[in-house]
Amino acid sequence: MNFHLKLYSKLPATAISCYNQSIMQEIYWPEYIEMPVKLKLADLHIHTTGSDGKLTPREAVDRAIDGGLAAIAITDHDTIEPALEAMAYAGNRLTVIPGVERTDSLLRHHLALFPDGFTDNPASLKKWERLAWMVQDTHELGGKVYASHPHSMATPSLGRRAIFFLIKHSNPLVYIDGFEVFNGAVADNPFGRSNEKTLDFYRRYRPYLGAAIGGTDSHRKKLGRVVTIFPANMSIKEALESGTTGVAFSGETDTPPLCELIPQTLSSWYHAFKLHRS
Ligand SMILES: [Zn+2]
Ligand SMILES: [Zn+2]
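Note that the structure is predicted; figures quoted are calculated from it, not measured. (Residues numbered from 1 in each chain as written. Chains lettered and ligands numbered in written order. Predicted model: local features only at pLDDT ≥ 70, side-chain atom pairs only at ≥ 80, totals over all residues.)

Visitor: How would you sum up the environment of Leu125? Please name residues and give values.
Guide: Looking at the element boundaries, Leu125 is found in the loop between strand E5 (109-113) and helix H3 (131-140). Along the chain, Leu125 and Thr138 lie 13 residues apart, while their C-alpha atoms are 8.7 Å from each other. Apart from residues no more than four positions distant in its own chain, Leu125 is found in contact with Asp78, Ile80 and Val100. (Helix = DSSP H or I, 4+ residues; strand = E, 2+ residues; numbered from the N terminus. Contact = placed C-beta atoms within 7 Å.)

Structure, rendered in structure tokens:
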């Protein structure tokens, strides 16, 4: 990957006490916060067999624990049930944030992460509603909203206009809590190299975009390739709320074969286009 080398450098070996330290090759830590001596890792974008992923929710938990992650978010498409299953299975062995990757009326994705113990009416999370309605809905349910793979051309995503629409919205419940500055699926997709652009955008508009997050966006078996890094003396929740987060990328790729990738990319755009015209 060719990212901004002045921002990404090797993670200091002392920063992380878990297994991942040797494989985290590239890092973004906000320039305005001193880098903590010890960090923890969280993968905040994971799909399971509950939608279009290949790991079961339980396998995702086991792999995260084996990999030394401090927290994960299970973010299946428009369903929170796999996340609740992972949470129940993990118990207190791992922080599992209940999440959903929501799809709006233009089939664009965004992440909603809910508080601990969010189990109310899992079936009530609606999809294909207007973006502002969905963002307000997540906030009313106590959740937080993150732009996933923003600007990506590979998957319908919130682009510049949609992001400005949210941050300038007059409704006080319509705003974003964070921004996925690095997405593993985008890094793998030859049609979607937008992580660089995304990081530039984040650095420029950071005061309006909340916490920087990163996630593998795992649809296959590997997780923890892209992680949100945060100070070891904070919980992931405190770090996200205070914006004390950065992102690290292992440099590993996990590119699906072209025979999977091309139909996936074309079909997500075809459906978005069809819905848009209807
Ligand atoms: Zn997505
Ligand atoms: Zn995703």
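Visitor: How would you summarise the sheet that holds strand E4 (residues 95-103) if you had to cite specific residues and measurements?
Guide: Strand order in the open sheet formed by 10 strands is E1-E10-E9-E2-E3-E4-E5-E6-E7-E8, with mixed pairing between adjacent strands. With partners counted over all chains shown, the strands left at the sheet margins are strand E1 (26-28) and strand E8 (211-215), one partner each. If you compare each strand with its neighbour and ignore which way they point, the axes differ by 30 degrees on average. In this structure, E5 lies alongside strand E6 (residues 144-147), joined through 3 bridges in antiparallel fashion. The residue bridging Leu111 from the neighbouring strand is Tyr146, located in E6. Across the face of the sheet, helix H1 (residues 57-66) comes into contact with strand E2 (39-46), strand E3 (71-77) and E4 while running at roughly 155 degrees to E3. In the packing of helix H6 (residues 195-209) onto the sheet, the strands contacted are E1, strand E7 (178-183) and E8, and the crossing angle to E7 comes to about 160 degrees. (Pairing = 2+ DSSP bridges. Axes fitted to C-alpha atoms, helices over the stretch in contact; angles between N-to-C directions.)

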